[in-house]
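# Fold and contact review
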Amino acid sequence: MRIFDPHIHMSSRTTDDYEAMAAAGVQALVEPAFWLGQPRTSVDSFVDYFDALVGWERFRASQFGIAHHCTIALNPKEANDPRCTPVLDLLPRYLAKDGVVAVGEVGFDSMTEDEEKAFSRQLELAREFALPALVHTPHRDKLAGTRRTLDLVEAAGMEPGMVLVDHLNEMTVDVVDEAGAWMGFSIYPDTKMDPDRMVAILQRRGLDRVLVNSAADWGKSDPLRTRATGEAMLAAGFTEDDVDRVLWRNPVEFFGQSGRLLLDVPETGQGDTFAGNSLLRGERA
Amino acid sequence: MNASAEGDRVGHLDKLDTTLDTPPPSGSGGSTSNAPVGRAASASERVETNTVADERTLDAWCAEIEAEPTRIRTRFPAAAREIGRTPGTSAEPGAERVEDGVRLRLLAALGGALAGDPDALSIEVHDLYRFGDADERRAVLLGLGQIEDLIGDRALDLVHDALRTNDPRLVAAALGTYASRLDDAAWRQAVLKCLFVGVPLRLVAGLERADDELRRMVADYAAERRAAGREVPADALSFLPAPTQTTRES
């Protein structure tokens with residue numbers, strides 16, 4: 001089983017996690033820029049963090065044969081702090097880089113005006129740099145936040161196919177589906193979504209535009225939940241090809257739209273299953 | 001406009017941001033103005049990465065940088081995907097990579113353009129490093145030797161920065177000919193660090209500089225490894241007297 005985890009915060013994980021992930025089949029991942037658990041108080045903290053995402057973390061992952069990509073953005077929480085918002089002016093430096101495969105995480109946390117302003121500005125940047133957007137949906141008031149998210153995406157003139165709306169659940173999946181955007185599900189040990197509920201959603205609506213991630217971060221989380229979901233799919237009667245589509249080809253297709261993937265996948269024995277193009281060998285999409 | 005006089009980092013960046021989406025200035029020659037900066041292609045237009053550098057485009061970019069040095073700010077990060085790269089990311093220090101060669105050419109063009117203004121060259125090189133990802137930083141370090149006569153000691157802090165990392169690819173790249181400018185203490189520490197992080201010493205330029213103090217440090221390192229029951233790297237052994245002798249020197 002080859003796995004592309006499309007949303008995992010490796011900065012908060014240990015090398016043991018990298019080792020276990022590689023053993024479980026994780027060959028590529030995307031680490032979205034987010035907060036650090038402890039709020040930042042200056043732009044310089046962002047710069048050092050972004051540097052780590054395109055430097056040190058990429059190196060750490062390479063030691064385990066994992067292709068590390070990232071997304072860059074001012075996150076919704078810190079969009080509310082005027083000490084942090086000037087980082088928006090620095091984003092273009094990073095959005096020009098190889099391996100930066102989307103603008104994100106953007107979106108809402110508490111649905112404030114400041115969050116909306118930063119969100120809209122970053123959707124403009126995504127269009128400007130021809131990058132997809134990775135959108136975080138709020139933990140609180142999730143359905144309203146998801147609807148507002150989709151309104152802003154439409155207002156910004158982003159193609160829905162260039163937008164991934166993440167952390168969805170049974171209540172929010174359908175509005176995103178109807179809008180034509182990609183649907184992300186974070187499989188957690190306790191909250192958000194679990195493998196069996198994920199399988200039920202896949203059985204109900206199919207595999208199109210669905211991405212499954214572990215979103216592992218500072219909280220109680222498990223970087224192997226992607227693998228667990230693949231196994232739950234097989235147990236429920238999905239084929240290995242179905243699993244490969246959800247856990248590999250779908251994220252490659254979505255983030256491949258950036259033209260910035262750095263995949264160099266070792267021999268998997270599965271050949272060029274993705275539309276005969278070179279993505280599997282890791283060149284630019 | 002040349003940003004060399006711009007002392008204020010934020011002002012400098014603002015200027016960069018405005019250049020990201022504008023075509024090269026007309027003075028740089030019409031043939032280069034259509035070269036993409038990596039943001040224009042839609043899904044249907046994409047082509048495979050060149051694993052052999054696209055020399056024609058590279059020549060055009062170099063000419064463009066010679067005419068307008070600030071263009072390197074957008075060309076340098078885009079160079080791998082637009083001109084050529086070795087696929088995949090490798091943790092191996094010293095591996096030959098197509099994109100390194102491409103970026104060295106761009107740096108040489110920058111050096112040529114700013115040959116008469118070493119401070120401006122230094123500012124541009126520092127910003128390429130400061131805002132570069134690990135690949136871009138490696139290329140800057142590898143390129144310091146070729147602009148050494150122009151930049152003097154001005155970029156020595158970049159070597160120190162790279163030597164503080166634990167990324168063996170950066171440590172190795174920092175120890176080319178330019179590292180001869182390090183003082184003795186820093187240079188010895190750099191060589192010792194190579195043994196620690198697994199940078200082969202064949203990648204270190206000017207190893208004949210090794211002195212008794214470095215040999216003492218390596219001998220102590222070897223003694224510490226042996227005391228812990230661990231293997232002594234072959235590169236360390238090459239510094240030591242014959243294996244039967246004691247590792248202490250007085």
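Just so you know, the residues in each chain are numbered from 1, in the order the chain's sequence is written. Here the convention is simple: chains get letters from A, ligands get numbers from 1, in the order in which they are written. Where totals are concerned, whole chains, interfaces and linings use all residues; where local detail is concerned, this predicted model gives features only for residues with pLDDT of at least 70, and gives and counts side-chain atom pairs only at 80 or more.

### Considerations on the overall build of chain A
Looking only at helices and strands, chain A features 10 helices and eight strands. Our radius of gyration is a C-alpha quantity, and the globule rule it is checked against amounts to 2.2 Å times the number of residues to the power 0.38. A globule of 285 residues ought to have a C-alpha radius of gyration of about 19 Å, and chain A, at 17 Å, matches this closely. Note on burial: count the other C-beta atoms lying within 10 Å of the residue's C-beta; 20 or more is buried, 12 or fewer is exposed, in between is partly exposed, and C-beta positions come from the backbone. Taken across its 285 residues, chain A has 52% of its residues classed as buried. Here the analysis covers contacts within chain A between residues at least 6 apart in sequence; of these, 72% occur between residues at least 24 apart. For helices the rule is a DSSP run of H or I covering at least 4 residues; for strands it is a run of E covering at least 2, with both sets numbered from the N terminus onward. Note on contacts: each residue gets a C-beta atom placed from the backbone, and two residues are in contact if those atoms are within 7 Å.

### Some details on the pairing of strand β2 (residues 26-32) of chain A
All names here are of chain A. The buried fraction of β2 amounts to seven of the seven residues, a majority that puts the element mostly inside the structure. Two elements, strand β1 (residues 3-5) and β2, share three bridges in a ladder whose sense is parallel. Within β2, the position partnered with I3 by the bridge is V26. We call a crossover right-handed when, viewed with the strands running away from us, the connection from the first strand over the helix to the second turns clockwise. Between β1 and its parallel partner β2, the chain crosses via helix α1 (residues 15-24), and the hand of that crossover is right-handed. Pairing between two strands requires that DSSP report at least two bridges joining them.

### A few points about helix α6 (residues 142-155) of chain A
All names here are of chain A. Between the first and last C-alpha of α6 there are 20 Å, a value that for 14 residues agrees with the 20 Å anticipated at 1.5 Å per step. Turning to α6, its buried residues are G145, T146, T149, L150 and V153. Projected down its long axis, α6 carries its buried residues within an arc of 140°, all on one side. Turned more than 90 degrees away from the buried face of α6, the exposed residues are D151 and A155. Positive phi shows up at G157, right after α6, with a value of about 75°. Residue count minus one, scaled by 1.5 Å, sets the expected span of a helix. Our arc is simply the arc of the directions from the helix axis toward the C-beta atoms.

### Details of the domain arrangement of chain B
Residue and element names in this part refer to chain B. Reported domain spans reflect what an automatic or database domain assignment gives. You can read the domains of chain B as domain 1 (3-166) and domain 2 (175-250). Opposite the 11 residues of domain 1 that make contact, domain 2 presents 12 residues. Throughout, the ten residues Ala, Val, Leu, Ile, Met, Phe, Trp, Tyr, Cys and Pro are labelled nonpolar, Asp, Glu, Lys and Arg are labelled charged, and all others, Gly among them, are labelled polar. Residue composition of the side of domain 1 that touches domain 2, by class: six nonpolar, three polar and two charged.

### A word on the confidence of the model for chain A
The quantity called pLDDT is the predictor's confidence in a given residue, expressed from 0 to 100. On average, chain A scores 90 in pLDDT, and the residues at 70 or more come to 92%. Contacts from residues 265-285 of chain A, a stretch scored under 50 in pLDDT, to residues over four places away or in other chains number 41 contacts.

### Some words on the sheet that holds strand β6 (residues 163-166) of chain A
Each strand in a sheet pairs with another by means of backbone hydrogen bonds, the pair being arranged parallel or else antiparallel. Residues and elements named next belong to chain A. Sheet architecture is open: eight strands sit in the order β1-β2-β3-β4-β5-β6-β7-β8, paired in parallel fashion. The open sheet is flanked by β1 and β8 (210-213), the only strands paired with a single partner. Averaged over all adjacent pairs, the angle separating strand axes in this sheet is 25°, with direction ignored. Here strand β5 (residues 133-136) runs beside β6; their pairing, made up of four bridges, is parallel. Residue pairing for β6: H136 is matched across the bridge by D166. Here an axis means a line fitted to C-alpha atoms, over the contact stretch when the element is a helix, while the angle between two N-to-C directions is reported on a 0 to 180 degree scale.

### Remarks on unusual backbone geometry
All names here are of chain A. Of note, the bond from G104 into E105 is cis; its omega dihedral lies within 30 degrees of zero at -5°. In this fold, E105 is placed in strand β4 (residues 100-107). Unusually for a residue other than glycine, D141 sits at a positive phi of about 55°. Along the chain, D141 turns up in the loop between β5 and α6. What makes D141 partly exposed here is the crowd of 13 C-beta atoms within 10 Å.

### Structural notes on helix α8 (residues 156-164) of chain B
Residue and element names in this part refer to chain B. Buried within α8 are the following residues: L158, V159, A162 and L163. With its buried residues spanning 135° around the axis, α8 presents them on a single face. The exposed set on the far side of α8, more than 90 degrees from its buried face, consists of D157, H160 and R164. Summarising the contacts, the buried residues of α8 are in contact with α5 (118-130), α6 (134-143), α9 (168-174) and α10 (184-197).

### Topic: the nonpolar core
When buried Ala, Val, Leu, Ile, Met, Phe, Trp, Tyr and Cys residues are joined through C-beta atoms within 7 Å, the set is termed a nonpolar core. Within the largest apolar cluster, 133 residues are counted, with the highest numbers of intra-cluster contacts made by I72 and A133 of chain A together with L106 and A174 of chain B. Sequence-distant contacts of L106 of chain B, that is, excluding residues within four places in its chain, are made with W61, C62, I65, I72, R75, F76 and A79 of chain B.

### Details of the packing of α5 of chain B against α6 of chain B
Residue and element names in this part refer to chain B. Two numbers describe how α5 lies on α6: the axes approach to 8 Å, and their chain directions differ by 145°. Side by side, α5 and α6 meet where V125, L128 and Y129 of the first sit next to E136, R137 and V140 of the second. Residue classes in the contact of α5 with α6 are distributed as four nonpolar, no polar and two charged.

### Some details on the environment of L192 of chain B
Residues and elements named next belong to chain B. With respect to the secondary-structure elements, L192 resides in helix α10. Using a count of 17 C-beta atoms within 10 Å as the deciding quantity, one classes L192 as partly exposed. Linking L192 and V218, residues 26 residues apart in sequence, is a C-alpha distance of 6.8 Å. Excluding residues within four positions of it along the chain, L192 makes contact with M217, V218 and Y221.

### Quick word on the packing of helix α4 (residues 98-113) of chain B against α6 of chain B
Residues and elements named next belong to chain B. Close contact between α4 and α6 brings their axes to 9 Å; oriented N to C, the two are set at 60°. Overall, the two elements α4 and α6 adopt an arrangement that is oblique. Seen along the crossing, α4 lies across α6 with a hand that is right-handed. Residues E99, D100, R103, L104 and L107 of α4 touch α6, and the partners they reach there are D135, R138, A139, L142 and G143. Any angle that is under 35 degrees is reported as roughly parallel, and any over 145 degrees as roughly antiparallel; angles of 65 to 115 degrees are reported as roughly perpendicular and all others as oblique. Note: crossing handedness is left-handed where the near helix turns anticlockwise from the far helix by less than a right angle, and right-handed where it turns clockwise.

### Concerning the pairing of β8 of chain A
All names here are of chain A. Both faces of β8 are covered, namely the face carrying V210 and V212 and the face carrying L211 and N213. Sheet topology places strand β7 (residues 182-186) next to β8; four bridges connect them, and they run parallel. In the strand pairing of β8, S186 is matched with N213. For the segment spanning β7, helix α8 (residues 195-205) and β8, crossover handedness is right-handed.

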